[in-house]
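Working through the structure, step by step
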Amino acid sequence: MREFLEWPGKSATEVGGVEHPAVYHMLDVAAVAERLIAPFGLETPRRDALVFLIALHDLGKISEGFRAMLRGEAAGGRYRHWQVSEVLLCHHDDLLATYLGSAPHRRAALYAAVAGHHGRPSDLPLPMGRRLARHGPWEDALDLAGIGVAAAREVIAAFAALWPEASLEGMSLEEAQTLGWWLAGLCTTADWIGSNTEWFAPNAQAMPLSAYLAQTRPMAAKAVEGVGLGGCDLRNNALFDFKLHRMQDACVQVPLPEGPMLAVIEDETGSGKTEAALLLAQRMLAAGKGRGLYFALPTMATADAMFARATKVVGRMFDAPRITLAHGRAGLSVAFRDIQASRADSPDDVTCTDWLAQSRRRALLADVGVGTIDQALLAVLPVKFQTLRYFGLSSKILIVDEVHELGEPYIGAELEALLRMHRAAGGSAILLTATLPLAQRARLLAVYDGQAPSAAYPALTVAGGVGVSDLPQATGPKGPVRVARLGRMDAAVEVIAQAAARGAACVWVRNSVDDAIAAVQALLAAGVAADLLHARFALGDRKRIEAAVGERFGKDGKGRAGRVLVGTQVLESSLDFDFDVMVSDLAPMAALVQRAGRLWRHMTERPRAQRPVPAPVLHVLAPDPAQVVDDRWLQGVLGGGAFVYPLADQWRTADHLFRVGEITAPSGLRALIEAVHGAEARDVPPALEAEEIQTEGKGAAARGHAAQNIVDFAAGYRAGGRANDDAQYPTRLGEEQQTLVLARAGAGGLQPWIAGPEGWALSEVSASRKRLARFDLPEQDAPEIVALTRDWPDWKRTSLRICPVAEDGMICPGLRYDPGWGLMIGALD
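Keep in mind that what you see is a predicted model, and the values were worked out from it rather than measured.

What to know about the overall build of the chain
- From N to C terminus, the chain includes 34 helices and 23 strands.
- Its C-alpha atoms give the chain a radius of gyration of 29 Å, near enough to 28 Å, the size a compact globule of 829 residues would have.
- Along the first, second and third principal axes, the C-alpha set of the chain runs to 90 × 70 × 60 Å.
- Burial analysis of the chain (829 residues in total) assigns 57% to the buried set.
- Long-range pairs, those at least 24 residues apart, make up 76% of the contacts in the chain between residues at least 6 apart in sequence.
- Carbon and sulfur atoms form 50% of the exposed surface of the chain, whose accessible area is close to 33000 Å².
- Across the chain, the mean location of the 84 positive side-chain charges is 2 Å away from that of the 96 negative side-chain charges.

Things to note about the pairing of strand 15 (residues 617–621)
- Along strand 15, 5 of the 5 residues are buried, which leaves the element largely enclosed by surrounding structure.
- Neither face of strand 15 is open: one carries V617, H619 and L621, the other L618 and V620, and all of them are buried.
- Bridge count for strand 10 (residues 481–486) against strand 15 is 5 bridges, and the pairing is parallel. Residue L486 lies in a different strand from strand 15, and its bridge partner there is L621.
- Once the chain exits strand 14 (residues 581–585) it traverses helix 25 (residues 589–596) before rejoining the sheet at strand 15, and the crossover so formed is right-handed.

Describing unusual backbone geometry
- The omega torsion across Y457 and P458 is 0 degrees, close enough to zero to call that bond cis.
- Inspection of the secondary structure puts P458 in the loop between helix 21 (438–446) and strand 9 (459–462).
- Between A665 and the following residue, P666, the backbone shows a cis peptide bond with an omega angle of 5 degrees.
- Tracing the backbone through its elements, the reader meets P666 in the loop between strand 16 (662–663) and helix 28 (669–677).

Some words on helix 24 (residues 539–553)
- In a regular helix each residue adds 1.5 Å, so 15 residues correspond to 21 Å; helix 24 covers 20 Å between its end C-alpha atoms and thus fits that length.
- Among all positions of helix 24, only L539, G540, D541, R542, I545, V549, R552 and F553 are buried.
- Along its buried surface, helix 24 packs onto helix 13 (300–310), strand 12 (531–533), strand 13 (564–567), helix 31 (759–762), strand 19 (764–768) and strand 22 (815–818).

A short note on the sheet that holds strand 21 (residues 810–812)
- Spatially, 3 strands are ordered 21-22-23 in an open sheet, and the strand pairing comes out antiparallel. If you trace the sheet from one side to the other, it starts and ends with strand 21 and strand 23 (822–825), each paired once. The mean inter-strand angle of the sheet, taken between neighbouring strand axes irrespective of direction, is 25 degrees.

Brief notes about the pattern of salt bridges
- In this structure the tally under the stated criterion is 40 salt bridges.
- R71 serves as the salt-bridge partner of E19, at 2.9 Å between the closest nitrogen and oxygen. One end of the pair, E19, is in the loop between strand 1 (8–10) and strand 2 (20–21); the other, R71, is in the loop between helix 3 (64–70) and helix 4 (81–91), with 52 residues separating them in the sequence.
- Taken together, the shared-partner salt bridges connect R560, D578, D580, R606 and R611 into one network.

Some details on the packing of aromatic side chains
- For the structure on display, the rule yields 14 aromatic pairs.
- Where F40 meets F391, the ring centres are 5.9 Å apart and the plane angle is 40 degrees; that geometry is what we call tilted. On the criterion of sequence distance, the pair formed by F40 in the loop between helix 1 (22–37) and helix 2 (44–55) and F391 in helix 19 (residues 386–394) is long-range, its members being 351 residues apart.
- On the basis of an interplanar angle of 65 degrees and a centroid distance of 5.1 Å, the ring pair of W192 and F385 is categorised as edge-to-face. Here W192 is found in helix 9 (residues 173–194), whereas its partner F385 is found in the loop between helix 18 (373–377) and helix 19, with 193 residues between them in sequence.
- Among the aromatic residues, ring-to-ring pairing joins W181, Y390, F713 and Y717 into one connected group.
- When the ring centre of W7 is taken as reference, the NZ or CZ atom of R67 above it lies at 4.0 Å.
- Over the aromatic face of W792 sits the side chain of K796, whose NZ or CZ is 4.7 Å from the ring centroid.

Some details on the side chain of K61
- In this fold, K61 is placed in the loop between helix 2 and helix 3.
- Judged by its relative accessible area of 4%, K61 is buried.
- Setting aside anything within four residues of it in sequence, one finds K61 in contact with W7, P8, G9, K10, A22, H25, F66 and H81.

Cut-offs used in this document
Residues numbered from 1 in each chain as written. Predicted model: local features only at pLDDT ≥ 70, side-chain atom pairs only at ≥ 80, totals over all residues. Heavy atoms only, no water. Helix = DSSP H or I, 4+ residues; strand = E, 2+ residues; numbered from the N terminus. Rg over C-alpha atoms; globule rule 2.2 N^0.38 Å. Buried < 20%, exposed > 50% of the residue type's maximum accessible area, 1.4 Å probe, protein only. Contact = heavy atoms within 4.5 Å. Areas by Shrake-Rupley, 256 points an atom, 1.4 Å probe, with all protein chains shown as cover. Lys, Arg positive; Asp, Glu negative; His and termini not counted. Charge placed at Lys NZ, Arg CZ, Asp CG, Glu CD. Pairing = 2+ DSSP bridges. Right-handed = clockwise from strand over helix to strand, strands pointing away. Expected span 1.5 Å × (residues − 1). Axes fitted to C-alpha atoms, helices over the stretch in contact; angles between N-to-C directions. Salt bridge = Lys/Arg side-chain N within 4 Å of Asp/Glu carboxyl O. Phe/Tyr/Trp six-rings, centres within 6.5 Å; stacked < 30°, edge-to-face > 60°. Lys NZ or Arg CZ within 6 Å of the ring centre and 35° of its normal.

And the structure:
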């Protein structure tokens, strides 16, 4: 035993301190893995085999090269210790075969998984099946290990005695390759926890390995609970105290199929789909289809809104659950910070540990996560620690809201891949939508071997199960929304001016930021004041404006009479606003239906008799679809906003919607969506055919791009999870953005535009990199800027640009910023 202690795994925390032996660290991680894997209910031989392999994850530290590097006696070798781990595991495969059984390539798939616990698989050539083969990189790696090669063999034998029932017999190659993705994430999680010296202090005391394992197991239990991964019990409480709506009741009654399941909830905006999903999820949890939840939203703003809602409900579903917010600006959420600072004094309370809150990757490990869909989609892209996200999601019921917004070819392919991987891990999902095309629904259901022969709407569809398609069709108290076309911008200004004068709460939804700014200017010129909300505000200003808008136009809004809001697509999804009068730029049918959902939304609080206008009308700014002479048909009315969406979708929307003349929810929504996206959609006019062909070509290219980027799940972790270090793997395609950090002059140098402890982060604003490239932005080598950025890492200097703002708002000629207008580009200044 004592000879094992000669191989350090962790350096001393102080000069002259104790080194933590590699074998002890490996057993620390294995003990953590035992706690993490227990809830998955694997049979003992399979479970113990995976824990045994995780215990060997750092076998590459039984190496002369690693020991010399750790003690500062030599530079790091050509290969990392985790790459050497895989070499040693494969080199000693003959011995491992006697303990684990199965076949060489099946074991190798799992060797790669545990060795690749630092976020990516090894790319060294794999001469599997030839233990004594020595060539190229493998020879170098074995030379680096030196006498550690023989010692590693002894460690394997000693560890095998700790899990004598371990066996991989009966595992197919396909199963091994699928399991490897999950195992890599589990191993990473266990290693992160097992490396924490708060719980696993250095210990060089000699003792039998069985004794050390017995000693570290209680500490592992404490550590897993301490980081927030101890799990929580389910509760069978009533989630809501109101009478359930039609879809909510259907989710309480629908039969649940055996095994992983996919449900699609289709209903009109404002019908309570989120509550329906929570009711269904509660039943799925009770049926063992998951142990937690992850809510995936299209944007950070909608994720923040969902987080606030979820914290009020999930405490009734779980006993003191840990909840996290997962997106790039989660740390700026006051609600999330309050949760982190709280403690669970009763089972209803929700909390979050510091460990979970430190990283967006870790956030997916919590009992309940709320975040952007992007955080989940990263589980299918070859980014570092992709498997950690995959493992975190595997125990969750994945709830994807506004799934119709994920129909663009690139992100749509990612979503299908995510569902495939989630199902393979035994995961279930619920998709929420108001406007999902049938073709897209069919593709998603097919991932779980489901079909949807019925075109009924609303509908609750369960892949491979019995759905509900006979839901009531009656239109709610607001009735149909009449649609009226406005052919000129001044007509839109007139509609809003007259309605505001009558005390109506008005909104104008525009397709681009520049057009939104222009609309406010036009309204001001007509004597109508308007608030402005779009994505080109500094984050702190945007949060301030969003809060004010919510207080004015939300469900319980005050002071809304005669007020006007102009905004962009940020108003479209998952935000609970209510307006009396709406003008919208022409947009695809799904977007217009979503926007119309914010019109006369809360009829209980504001019934028809209390509205300042007699009926809900969606005024759409658009040219006549019957008058198309060239492909500039839309530009004459919408200007730059004409280029935001595919022109063919725009024309089909206008052609059908203006002929129908109304949006009748829920009964008429399916026909509206299929008129644009269905098999029977009308041909576009000849003048738009070339544009449509070009759009189809871009879509095909985007699908090809996705196919190149998405991990090859069937190939297994080693072959399918490799990434090109020079490549980018975005979750969405789109115009590249440049982030500016706004600053102002102050005592002692530049100060953040937004004051406060998170001021610099709240002072960020993004815009098109291509558009900003036309301007002479402030040079970053100016002394006052260097004083701020000298300690920044290279990636931060590359991605962020400090921009001092003068007292008159000037950043540089052609570019200005104003807290009420946002970032104004070019002629709009």
